Amino acid sequence: MLYAILCYDAEDMVGSWTQAEDDAVMARLAEVEQALVRKGWLGPVARLLPTTSAVTLRKGRENLVIDGPFAETKEQLLGFHVIECEGLEAAIDVARQLATANASGGAFEVRPIGLFRPVAVQVGPSRAMKAAGG
């Protein structure tokens with residue numbers, strides 16, 4: 001089963017980290033990710049650019065494009081991991097491991113992925129990683 005693990009935190013706090021602090025968190029995340037690679041579970045991982053670079057299309061009578069992220073929250077979506085594992089409990093365990101890499105607050109949302117395009121079924125994370133030499 002495919003799961004997205006969405007990483008939320010206070011963007012201004014994470015953005016204020018020194019390069020050394022950021023590098024340390026990224027190194028701890030890399031350790032968790034390498035363990036997932038060895039299991040064949042890791043799919044795409046993305047670190048999103050700041051919400052100040054985002055725009056949102058609001059649907060209505062007339063579609064409206066506005067500056068900023070899609071939601072008004074104190075925590076922003078900062079990135080995500082796509083994993084392929086046996087089930088929800090395994091995905092929650094991965095989220096726990098990712099959480100230990102970053103000592104700040106925030107949250108990790110674990111959400112099953114339903115593939116939208118039939119072609120994507122043929123190129124899931126495991127197959128895509130193997131094709132990319134991972």
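In this text the structure is predicted, and so the values were computed from the model without any measurement.

What counts, and at which threshold
- Per-chain numbering applies: the sequence of each chain, read as written, is numbered from 1 onward.
- Selection of residues for local features in this predicted model requires a pLDDT of at least 70, selection of side-chain atom pairs for listing and counting requires 80 or more, and totals for whole chains, interfaces and linings are taken over all residues.
- Excluding hydrogens and water, the side-chain figures rest on all heavy atoms present in the structure.
- Throughout this description, the term salt bridge denotes a Lys or Arg side-chain nitrogen within 4 Å of a carboxyl oxygen of Asp or Glu.
- Only DSSP runs of H or I reaching four residues or more are called helices, and only runs of E reaching two or more are called strands; each is numbered from the N terminus.
- Helices are assigned an expected span. That span is 1.5 Å times one less than the residue count.
- Residue burial is assigned from relative accessible area. The probe radius is 1.4 Å, only protein chains are included, and a residue is buried under 20% of its type maximum, exposed over 50%, and partly exposed in between.
- Arc, as used here, means the arc of the directions from the helix axis to the C-beta atoms.
- In what follows, residue pairs with any heavy atoms lying within 4.5 Å of each other are defined as contacts.
- Among buried residues, those of type Ala, Val, Leu, Ile, Met, Phe, Trp, Tyr and Cys that are joined through side-chain atoms within 4.5 Å constitute a nonpolar core.
- All tallies of charge rest on Lys and Arg as positive and Asp and Glu as negative; His and the ends of each chain are not included.
- Identification of polar contacts relies on pairs of N or O atoms within 3.5 Å, with a donor-acceptor requirement for protein atoms, meaning one able to donate a hydrogen and the other able to accept it, and with residues adjacent in sequence counted only if both atoms are side-chain atoms.
- At least two DSSP bridges between two strands are required for those strands to pair.
- Under this scheme, a helix contributes an axis fitted over its contacting stretch, all axes are lines through C-alpha atoms, and angles between N-to-C directions fall in the 0 to 180 degree range.
- Here, patches come from residues exposed beyond 30% relative accessible area and free of salt bridges, joined within 9 Å for like charges and within 5 Å for nonpolar side chains (Val, Leu, Ile, Met, Phe, Trp, Tyr).
- To measure how exposed things are, a 1.4 Å probe is used in the Shrake-Rupley method; for residues, cover is taken only from the protein chains shown.

J.: When you look at the pattern of salt bridges in this model, what are you seeing that I'm missing?
T.: Between side chains of opposite charge, pairing is possible as soon as their charged atoms come close. Inspection of the entire model under this criterion finds 2 salt bridges. Of the charged contacts, one joins R47 and D22 as a salt bridge, the two residues approaching to 2.6 Å between their closest N and O atoms. Of this pair, R47 sits in strand β2 (residues 42-47) while D22 sits in helix α2 (residues 19-39), placing them 25 residues apart in sequence. The partner of R111 in a salt bridge is E109, and the shortest N-O contact between them spans 2.3 Å.

J.: Just checking my understanding: could you explain α2 for this structure?
T.: What sets the pattern is the α-helix's 3.6 residues per turn: residues three or four places apart point alike. With 21 residues, α2 ought to run about 30 Å at 1.5 Å a step, and its terminal C-alpha atoms sit 30 Å apart, in line with that. Three or more residues of α2 are buried, namely D22, V25, L29, V32, E33 and L36. Down the axis of α2, the sector holding all buried residues measures 100°, keeping them to one side. Facing away from the buried side of α2 by more than 90 degrees, the exposed set consists of Q19, A20, E31 and R38. Packing partners of the buried residues in α2 comprise β2, β5 (76-84) and α3 (88-101). Two residues or fewer after α2 comes G40, characterised by a positive phi angle close to 75°.

J.: Is there a simple way to think about the nonpolar core in this case?
T.: Among soluble globular proteins, nonpolar side chains are generally buried collectively. I5, L36, W41, I83, C85, V94 and L98 are the most contacted members of the largest nonpolar core, which totals 19 residues. At the level of elements, β1 (2-9), α2, β5 and α3 are the ones that each hand at least two residues to this core. Per-element accounting of this core gives the leading share, 6 residues, to α3. Aside from chain neighbours lying at most four places away, what touches I83 is M1, L2, Y3, I5, L36, W41, L42, G43, A91 and V94.

J.: How should I be thinking about the side chain of E11 in this particular structure?
T.: By the element assignment, E11 lies in helix α1 (residues 11-15). Salt bridges are absent for the buried E11, whose nearest opposite-charge side chain, R47, sits at 9.3 Å. There is a polar contact of 2.6 Å between the side chain of E11 and the side chain of T51. Dropping the residues within four chain positions of it, E11 is found in contact with L49, P50, T51, Q76 and L78.

J.: What is the right way to look at the sheet that holds β1 in this model?
T.: The pairing of strands in a sheet happens through backbone hydrogen bonds and is either parallel or antiparallel. Strand order in the open sheet formed by 4 strands is β2-β5-β1-β6, with antiparallel pairing between adjacent strands. In this open sheet, the two edge strands, each paired with only one partner strand, are β2 and β6 (107-112). Strand-to-strand twist across the sheet, computed as the mean angle between neighbouring axes with direction ignored, equals 20°. Of the strand pairs in this sheet, β1 and β6 are connected by 6 bridges, and their pairing is antiparallel. Bridging across to β6, Y3 finds its partner in P112. Each of β2 and β5 touches α2; the most contacted strand, β2, lies at about 165° to it.

J.: So what exactly am I meant to see when it comes to a nonpolar patch on the surface here?
T.: Judged by side-chain polarity, V55, L57 and V65 come together as a nonpolar surface patch covering roughly 300 Å² of accessible area. Turning to its location among the elements, V65 is positioned in strand β4 (residues 64-67). Taking relative accessible area as the criterion, V65 reaches 57% and is therefore assigned exposed.

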